Amino acid sequence: MRVLMQQPPQGLESPRYVSISLQQDLLGGWLLVRESGLIGGKSQLKREQFLDTEPAIEAFEKARATHSKKGYQVMFIQGVAEPKS
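In this text the structure is predicted, and so the values were computed from the model without any measurement.

As a further point, take the confidence of the model for the protein. Put simply, the protein has an average pLDDT of 90, and 93% of its residues get 70 or more. Strand β5 (residues 73–78) is the least confidently modelled element of the protein, averaging 91 in pLDDT, while strand β4 (residues 43–50) averages 96, the highest of any element.

This is the structure in structure tokens:
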């Protein structure tokens, strides 16, 4: 699963983005990867590991909801449906 979100540009500053992906590792665990920063600028990468599917999906959905509340808009979705209202 992967989602790319972006804030609308404000003034002359480049828009901020966040890319959240959830992928299964070779041993059956899950890796949540969050990359955020300015488009064309510096970025930050955070990784979090999970042993089970449910907590990993919950963390993915929570991260997506948190950024949505901060004004980020979904630009690209791969392998996941839109969140339930």
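This is not the end of the story, as more comes after the structure.
Take Q10: it is sitting in the loop between β1 (2–6) and β2 (16–24). Exposure remark for Q10: the relative accessible area of 65% places this residue in the exposed category. On a C-alpha basis, the gap between Q10 and K69 in space is 17 Å, while along the polypeptide they are 59 residues apart.

This paragraph deals with the sheet that holds β2. Here 5 strands make up an open sheet; going across it, the order is β4-β3-β2-β1-β5 and the pairing antiparallel. Edge positions in the sheet fall to β4 and β5, since each of these pairs with one other strand and no more. Shown here is a sheet whose adjacent strand axes are inclined to one another by a mean of 15°, direction ignored. Pairing analysis gives 9 bridges linking β2 to strand β3 (residues 30–38), with the strands arranged antiparallel.

As a further point, take the pairing of β2. Across 5 bridges, the pairing between β1 and β2 is antiparallel. Each residue of the ladder has a partner; that of Q6, found in β2, is Y17. Taken together, β2 and the strand that follows it, β3, pair antiparallel across an intervening segment of 5 residues, in which G28 is found at a positive phi of about 95°.

Position of Q7 among the secondary structure elements: in the loop between β1 and β2. A polar atom in the side chain of Q7 sits 3.2 Å from the backbone oxygen of K70. In contact with Q7, other than residues within four places in its own chain, are P15, R16, K70, G71 and Y72.

Calculation criteria
- Residues numbered from 1 in each chain as written.
- Predicted model: local features only at pLDDT ≥ 70, side-chain atom pairs only at ≥ 80, totals over all residues.
- Heavy atoms only, no water.
- pLDDT = per-residue confidence, 0-100.
- Helix = DSSP H or I, 4+ residues; strand = E, 2+ residues; numbered from the N terminus.
- Buried < 20%, exposed > 50% of the residue type's maximum accessible area, 1.4 Å probe, protein only.
- Pairing = 2+ DSSP bridges.
- Axes fitted to C-alpha atoms, helices over the stretch in contact; angles between N-to-C directions.
- Polar contact = N/O pair within 3.5 Å; in protein donor to acceptor, adjacent residues only side chain to side chain.
- Contact = heavy atoms within 4.5 Å.

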